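Residues per chain are reported as follows:
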Amino acid sequence: MAIRVLTTRKELPGSGLSRLAEGTDVVSWPGAAKPGPDDLAALAPGSAGLLALGSDPVDAALMAAAGPSLRVIALASMGFDNVDRAAAAERGIVVTHTPGVLAETTADLTFALILAARRRLGAAAASLERGGWDVFRMHDYLGLDVHGATLGLVGYGQIGRAVARRAQGFGMRVVHHDPYAAADDSLSTSVSLETLLAEADVVSLHVPLTAETRHLISRRELAAMKPTATLVSTSRGGVVDEEALLGAVRAGVVHSAGLDVYEREPMGAELSPLVDEPYVVTLPHIGSATDSTRAAMVDLAVDNILDVLAGHPARTPLPG
Ligand code: DGY
């Protein structure tokens, strides 16, 4: 009997899913919408592998529903805050994610947000679309320069470094704060969080969401930033206290923000008030959304499943 692997979506970019189906018995959540916990639990019994997205909650109840056959949970995402790691460890389940393959694409989008927020691209484009470009005024659509500015990277892993490389082309000075990557290198100088917040014109977040990083940027940190600074986040919504950010942009404590991630995702029709803020650029979590990167993420997740099920070590297990 073929080994059963549950996937939380029936369609995924690239050819990974068909490759998975060649060697295993793939069972997929058939709906178009995101499955609820009961939907997945009903399909889980007897599964040896689970392929999930970073937005699918993978909790102890789902692992229990799968039963003792479950050996590997492969996320097609870099972030892993959706998985109950302790429950997986207790059951001896290997959990994997997809670092590496999405770093450059996410860094591209980070730079798009930096440019869009500081140069007010969303507000300018919306004004043109509304017919508001009636005359050329010297003071319209004024933003802040990106070239020559200081970039502060909170988190200096693969994505942070990829953003630092792009910043060289803009003649930016780069500093970073990362207790796990505290050394200076040719791209960036390591500083305390306090120094970074005080000196950076752009503060860009590249840390995973953990108990340690939840609301890392809150009222106090925003107040420590320059009034001309921009906060950018392509990591996880929970790293920023959104209520504090909303208050800070409204009060001019910081200049602007560029966000791809939120405390509540997806938003549906119930929009966060940040979406309507003129100095905040908001995107619907598209950091890794290119054809080739999303296909590579699925491919790596599938490789991880096939390797573990074949008795080999996973290629990209979660960091310890
Ligand atoms: C990631 O890979 O973590 C992206 O945010 C998509 O979940």
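Residues numbered from 1 in each chain as written. Predicted model: local features only at pLDDT ≥ 70, side-chain atom pairs only at ≥ 80, totals over all residues.

- An unreviewed UniProt entry annotates the chain as 2-hydroxyacid dehydrogenase originating from Streptomyces mangrovi.

1. Let's talk about the sheet that holds strand β7 (residues 173-177)
Line of reasoning, step 1. Strand order in the open sheet made by the 7 strands is β8-β7-β6-β9-β10-β11-β12, with parallel pairing throughout. Only two strands of the sheet have a single partner each, and these edge strands are β8 (189-190) and β12 (280-282).
Line of reasoning, step 2. The sheet contacts of helix α7 (residues 158-169) involve β6 (150-154), β7 and β9 (202-205), and relative to β6 the element is tilted by about 170°. (Pairing = 2+ DSSP bridges. Helix = DSSP H or I, 4+ residues; strand = E, 2+ residues; numbered from the N terminus. Contact = placed C-beta atoms within 7 Å. Axes fitted to C-alpha atoms, helices over the stretch in contact; angles between N-to-C directions.)

2. Description of the pairing of strand β4 (residues 72-75)
Line of reasoning, step 1. Both faces of β4 are covered, namely the face carrying V72 and A74 and the face carrying I73 and L75.
Line of reasoning, step 2. Note: β4 against strand β5 (residues 94-96), 3 bridges, orientation parallel. Its bridge partner being in β5, I73 is matched across the sheet by V95.
Line of reasoning, step 3. With helix α4 (residues 85-90) bridging β4 and its parallel neighbour β5, the resulting β-α-β unit is right-handed. (Buried ≥ 20, exposed ≤ 12 C-beta atoms within 10 Å, placed from the backbone. Right-handed = clockwise from strand over helix to strand, strands pointing away.)

3. Considerations on the domain arrangement of the chain
Line of reasoning, step 1. Along its sequence, the chain is carved into domain 1 (4-101 + 291-309) and domain 2 (103-282).
Line of reasoning, step 2. The C-alpha-based centres of domain 1 and domain 2 are spaced at 31 Å. (Domains from an automatic or database assignment.)

4. Overview of the site of the ligand
Line of reasoning, step 1. Surrounding the ligand, one finds G54, S77, M78, G79, L102, G287 and S288.
Line of reasoning, step 2. Taken together, the residues that form the shell around the ligand break down as 2 nonpolar, 5 polar and no charged. (Near = placed C-beta within 6 Å. Nonpolar A, V, L, I, M, F, W, Y, C, P; charged D, E, K, R; others polar.)

5. Structural notes on unusual backbone geometry
Line of reasoning, step 1. The omega torsion of the bond from E265 to P266 falls at -15°, within 30 degrees of zero and hence cis.
Line of reasoning, step 2. Summarising the element assignment, P266 is placed in the loop between β11 (256-259) and β12.
Line of reasoning, step 3. Even without being glycine, R120 reaches a positive phi, approximately 55°.
Line of reasoning, step 4. Accessibility expressed as a C-beta count within 10 Å gives 21 for R120, which makes it buried.
Line of reasoning, step 5. A positive phi angle is found at Y141, which is not glycine, with a value near 55°.
Line of reasoning, step 6. Assignment of secondary structure puts Y141 in the loop between α6 (121-129) and β6.

6. Some details on the pairing of β9
Line of reasoning, step 1. Of the two faces of β9, the one lined by V202 and S204 and the one lined by V203 and L205 are each fully buried.
Line of reasoning, step 2. Relative to β9, β6 is paired through 4 bridges, and the arrangement is parallel. Opposite G152, over in β9, you have V203 as the bridge partner.
Line of reasoning, step 3. Here β9 pairs with strand β10 (residues 230-233) via 4 bridges, running parallel. When the bridges of β10 are listed, V203 appears paired with L231.
Line of reasoning, step 4. In this fold, the crossover linking β9 to β10 by way of helix α9 (residues 219-224) has right-handed handedness.

7. Section: the UniProt feature "domain: D-isomer specific 2-hydroxyacid dehydrogenase catalytic" (unreviewed entry) in the chain
Line of reasoning, step 1. Residues given the UniProt feature "domain: D-isomer specific 2-hydroxyacid dehydrogenase catalytic" (unreviewed entry) here are residues 30-317.
Line of reasoning, step 2. Secondary structure content for residues 30-317 is 34% helix and 13% strand, while the C-alpha to C-alpha distance between its ends is 27 Å. (UniProt positions renumbered as here; feature names shortened; annotations may be inferred.)

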